[in-house]
Amino acid sequence: MTSAPAKNATTTDSDLELARAYAEKLLLLSQGSVDKHFDPFTDIDWDNPDYAVTADDPRWILPKSGDMFARHAWYQGLSQARKIEIGMWRQANIAKVGLQFETLLIGGMMQHTFKLPNGSREFRYCTHEVIEECNHTLMFQEMVNRIGIDVPGMGPIIRQLTYLVPPLASVFPNLFFMAVLSGEEPIDHIQKGILRAGEQIHPIMRGVMAIHIAEEARHISFAHEFLEHHVPQSNAVNKFVLSLAFPIVMWIGGRAIIVPPRAFFREFDIPREVRKDVFFGLPDSRETFAGYYADVRSLAKRIGLLNPVSKAVWKALRIDGPGTRYRSEPDRPGQVRAA
Ligand SMILES: [Fe+2]
Ligand SMILES: [Fe+2]
């Protein structure tokens, strides 16, 4: 994909038109990165006295709007002190998982850009995105350091993705950008849900989330555009494989983001049933999880990745349901699994 697609023996006028439209969109996204970007050390007021981290600050209690664990009766029945203690650990750990996820993404994007030709607009946009993601990892790590708990982030098995995801980008870029969406979509949904609900949260969390949401909108748009442009060019066999991989990748990535590692349950003596309830069993949890992927389901439909077999996979993983009318449409009650 170059800035001036040229016609050759195998391209048609409509191919050229699509390539030009894609290049235009990438230029717009790149300009967006130039016009509006953040620096975690100048745009977050870390040393403001109100941002101080103390162990008795109720603003660390987990917000119900963004955390299915916070909505569970077990958490709600704890003392305020215990809710704060668990809230600090969980929020620090989510930041750590976020930064590990971004690191995988940065590694993969660099593998992808290494092979791109001169003039490629994908090169320019992806490099802007990597710079933003590097800033996000700095911001998330600073948050973890300030909270001061030595959290692990992802569990030991899921951490092995570090050997799989970056090389995936150079061999199977479509699959890689699906993996990108599998993490970016749930994080974005959770953060927007918290800010929209207006619940009290710690100002460090608020500052970090505001920056993240603003820049992730571009990243998510790019992953959608990338798949929308490249997947239809695949042959029928590859397309079929991608159609099955899509829901599986969403499920694995989403679980890696929302389910805390075993260390969390050990640290706070959380009963096994609570873990099963919260992340796998309760209708509220299943509906929330499936809701993270409404935009992705619309994308799957648009790019021809919904067929009877892949639909059965979405359903078996319990992440099926209707799509959205437009990207980033807020969840509507009863939207998920209603159709
Ligand atoms: Fe990010
Ligand atoms: Fe991102």
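Residues numbered from 1 in each chain as written. Chains lettered and ligands numbered in written order. Predicted model: local features only at pLDDT ≥ 70, side-chain atom pairs only at ≥ 80, totals over all residues. Heavy atoms only, no water.

## Brief notes about the overall build of the protein chain
Secondary structure summary: the protein chain contains 14 helices and zero strands in total. Counting from the amino terminus, the protein chain carries its helices and strands in the arrangement α-α-α-α-α-α-α-α-α-α-α-α-α-α. Scaling as 2.2 N^0.38, a compact globule of 339 residues should have a C-alpha radius of gyration of about 20 Å, and the protein chain matches this with 20 Å. The principal-axis extent of the C-alpha atoms belonging to the protein chain is close to 70 × 45 × 35 Å. Across the 339 residues in the protein chain, those meeting the buried criterion constitute 51%. Expressed as a percentage of contacts within the protein chain between residues at least 6 apart in sequence, the contacts between residues at least 24 apart total 78%. As displayed, the protein chain has an accessible area near 15700 Å², and 58% of this comes from carbon and sulfur atoms. Where the 38 positive side-chain charges of the protein chain centre and where its 39 negative ones centre are 8 Å apart. (Helix = DSSP H or I, 4+ residues; strand = E, 2+ residues; numbered from the N terminus. Rg over C-alpha atoms; globule rule 2.2 N^0.38 Å. Buried < 20%, exposed > 50% of the residue type's maximum accessible area, 1.4 Å probe, protein only. Contact = heavy atoms within 4.5 Å. Areas by Shrake-Rupley, 256 points an atom, 1.4 Å probe, with all protein chains shown as cover. Lys, Arg positive; Asp, Glu negative; His and termini not counted. Charge placed at Lys NZ, Arg CZ, Asp CG, Glu CD.)

## Description of the nonpolar core
The biggest cluster of nonpolar side chains holds 82 residues, and the ones touching the most others in it are F69, F177, F222, L227, F246 and M250. In terms of residues, this core owes the most to one element, helix α4 (residues 80-114), which gives 13 residues. With residues near it in sequence (within four places) discarded, F69 still touches L62, W74, Y75, I86, R90, F264, I270, V274, V278 and F279. (Core = buried A, V, L, I, M, F, W, Y, C linked by side-chain atoms within 4.5 Å.)

## Section: the coordination of the iron ion (ligand 2)
Coordination of the iron ion (ligand 2) by the protein is provided by E133 (OE), E184 (OE), E216 (OE), E216 (OE) and H219 (ND1), with metal-donor distances spanning 1.9 to 2.4 Å. Donor residues for the iron ion (ligand 2), ordered by position in the chain, follow E-x50-E-x31-E-x2-H. Separating the iron ion (ligand 2) and the iron ion (ligand 1) is a distance of 3.3 Å, and E133 donates to both of them. Of the two residues, E133 sits in helix α5 (residues 121-147) while E184 sits in helix α7 (residues 173-197), which places them 51 residues apart along the sequence. Of the two residues, E133 and E184, both sit in the buried class. (Donors = N, O, S within 2.8 Å, 3.2 Å for Na, K, Ca; no water.)

## Quick word on the coordination of the iron ion (ligand 1)
Around the iron ion (ligand 1), the protein contributes the donor atoms E102 (OE), E102 (OE), E133 (OE), H136 (ND1), H212 (NE2) and E216 (OE), which lie 2.1 to 2.8 Å from the metal centre. One can describe the site at the iron ion (ligand 1) as irregular: its six donor atoms subtend angles covering 51 to 167 degrees at the metal. Within one chain, the residues serving as donors to the iron ion (ligand 1) are arranged as E-x30-E-x2-H-x75-H-x3-E. Taking the relative accessible area as the measure of exposure, H136 reaches 1% and is therefore buried. Owing to a relative accessible area of 2%, E216 belongs among the buried residues under this scheme. (Tetrahedral: all angles 85-135°; square planar, octahedral: opposite > 155°, others 65-115°.)

Nothing here speaks to function; it is geometry throughout.
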